[in-house]
Amino acid sequence: MGAPWRARALNAECLCGDLDRARLAHALDGELAPGLGAPGLAAQCAAQPTLFADAPVFLPRQSVAQMHALVATVEAAAALPAWRQAALAELGPAAPDDGPLGVCMGYDFHVDAAGRPSLIEINTNAGGLLLNAALAHAGAPCCGAMDLALPPANPPGAIESAVLAMFAAEWARARAAGWPVAQRDAPRLLAIVDEHPDKQFLWPEFQLYAGLLRQAGWPTLICPPHALHWRHGQLWHGDGADAQPVDMVYNRLTDFSLSDPASAPLRQAWQARQLALTPHPLSHALLADKRRLLWLSAPDWLAQAGVDAKSRQLLQACAPQALEVSAEHAAALWAERRRWFFKPAAGYGSRAAYRGDKLTRRVWEDILRAADGPPAGRYIAQALRPPGERAHGDGPHKLDVRVYAYAGAPLALAARLYRGQTTNFRTPGGGFARVRLSAD
């Protein structure tokens, strides 16, 4: 039996779990791995019972290798001058084109029954990386041979090391580019920034990042953007005598262009190269704006941009066709809507995204009206590539796969189990699942 069929059979028929919930709690509470976790995090995650799945997901090694190759191919294409110039044109001349790249890129895939991956979307500030680090410490194989025959994709401790190396590399890139903010060996203060961070679903993960970075000697805090101020050529946290200079920000905001008024201090500091912001608006414009799916599935555009033939062949195999919803395509897209998935160009977290077979005429009219507005507010239609399945609990769950990456190299591999139109963390028995690799 070949690896794709072995993985398919295991996903369909293996009903074993491999998650030790007690060990997971110890990992989250900081009792298993140096620098990872803090007291009380296990209780916070337990209040979100659909965050972690008990069942593992099985993937063929060659499928994972193809996903990794695609990540490297996409980021190599995004580094080409023609690609960068087109993305920069959307941001304006003040956007820095050097320095940090953007931490925690997430490449989301559906994998079919034959093991062929399809790139569904790309995300900046992709959530879940350190939650999967905790998950890696909580394996409970159902038999002694499982870890040998079907090893976990993320060895315990590997993700934490990769995360620290990634942040150090971002600071080093700012130093190498001559940014004024980065003339010290390390930031005086790193801020993890999101709107109402303690109300976010992934609030426990923010605390995992803060703890890991502090343990590595980087002073770190978590705050909303309105707690930051741009004064006298420096970004500050707080006001008055207690204000602290902020040299680096791990950006978890979904205001990708930093156009909201509350984000203005971040944008000003980044444009002045007085803040190592990661990820930043250019990270999003280069890779995660849904309009980049149009470029990735356009062989002629890629050839003109300088993408080589072998890379174009890989993209053609793994990047589903994408079209911008417009008056020109409207009639054909509506008539064939069952074979398309519709998503907003500036969307995130599956918000306002629709499978064509679930699309109502009222929603379709809204999508068409958006086509007359600004480009960032329009919709993208992507050829539907159904997700894989995993037998689990009271029936099959859909599954997708996320490759976390930095600078074109993989950091970790995660799977998510769910039911419904799109990935979610609301399905009983669903959530992040450990990935195990079947042999070639």
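This text goes with the structure placed above it.
This text gives an overview of the structure that appears in the document. (Residues numbered from 1 in each chain as written. Predicted model: local features only at pLDDT ≥ 70, side-chain atom pairs only at ≥ 80, totals over all residues. Heavy atoms only, no water.)

This part covers the overall build of the protein. In terms of helices and strands, the protein carries 16 helices and 19 strands. Radius of gyration (C-alpha) of the protein: 22 Å, near the 22 Å computed for a compact globule of 440 residues. On the principal axes, the C-alpha backbone points of the protein span a range of 65 × 60 × 40 Å. Counting across all 440 residues of the protein, residues that qualify as buried make up 54%. Here the analysis covers contacts within the protein between residues at least 6 apart in sequence; of these, 71% occur between residues at least 24 apart. (Helix = DSSP H or I, 4+ residues; strand = E, 2+ residues; numbered from the N terminus. Rg over C-alpha atoms; globule rule 2.2 N^0.38 Å. Buried < 20%, exposed > 50% of the residue type's maximum accessible area, 1.4 Å probe, protein only. Contact = heavy atoms within 4.5 Å.)

What follows concerns empty space enclosed by the protein. Scanning all chains against the criterion turns up three cavities of 30 Å³ or more. Roughly 60 Å³ of internal volume is contained in the largest cavity. Lining the largest cavity we find Asn132, Leu135, Ala136, Pro152, Ala153, Asn154, Leu413, Ala433, Arg434 and Val435. With three residues, helix 6 (residues 129–136) is the largest single contributor of residues to the lining of the largest cavity. (1 Å grid on protein atoms, 1.4 Å probe; cavity = no way out; pocket = protein on both sides within 12 Å on 5 of 7 lines; lining within 4 Å. Points joined across faces, edges and corners; volume = space filled by probe spheres on them.)

Glancing now at helix 5 (residues 81–91). Listed as buried for helix 5 are Trp83, Ala87, Leu88 and Leu91. When helix 5 is viewed along its axis, its buried side chains cluster within an angular range of 125° and face the same direction. Facing away from the buried side of helix 5 by more than 90 degrees, the exposed set consists of Pro81, Gln85 and Ala89. Just downstream of helix 5, Gly92 is the residue with a positive phi angle, here 95°. (Arc of directions from axis to C-beta.)

Inspection of the secondary structure assignment puts Asn251 in strand 9 (residues 248–251). Looking at Asn251, its side chain comes within polar contact range of the main-chain nitrogen of Leu253, at 2.9 Å. Setting aside residues up to four positions removed in sequence, Asn251 forms contacts with Asn125, Val193, Leu258, Leu277, Thr278 and Pro279. (Polar contact = N/O pair within 3.5 Å; in protein donor to acceptor, adjacent residues only side chain to side chain.)

Further remarks concern the sheet that holds strand 9. The parallel open sheet is built from four strands, whose spatial order is 5-4-9-10. Whereas interior strands pair on both sides, the edge strands pair on one side only; in this sheet they are strand 5 (220–223) and strand 10 (276–278). Each adjacent strand pair in this sheet contributes to an overall mean axis angle of 20°, direction not counted. Here four bridges tie strand 4 (residues 190–193) to strand 5, and the two strands are oriented parallel to one another. Note on strand 5: the bridge partner recorded for Leu190 is Thr220. Running at roughly 130° to strand 9, helix 8 (residues 158–176) makes contact with strand 4, strand 9 and strand 10 of the sheet. (Pairing = 2+ DSSP bridges. Axes fitted to C-alpha atoms, helices over the stretch in contact; angles between N-to-C directions.)

Here we take up the packing of helix 8 against helix 9 (residues 203–215). Two numbers describe how helix 8 lies on helix 9: the axes approach to 11 Å, and their chain directions differ by 75°. Looking at the two axes, helix 8 sits roughly perpendicular to helix 9. Counting all contacts with helix 8, which are made through Glu160, Val163, Leu164 and Phe167, the residues of helix 9 involved are Tyr209, Leu212 and Leu213. By residue class, the composition of the contact of helix 8 with helix 9 is six nonpolar, no polar and one charged. (Parallel < 35°, antiparallel > 145°, perpendicular 65-115°, else oblique. Nonpolar A, V, L, I, M, F, W, Y, C, P; charged D, E, K, R; others polar.)

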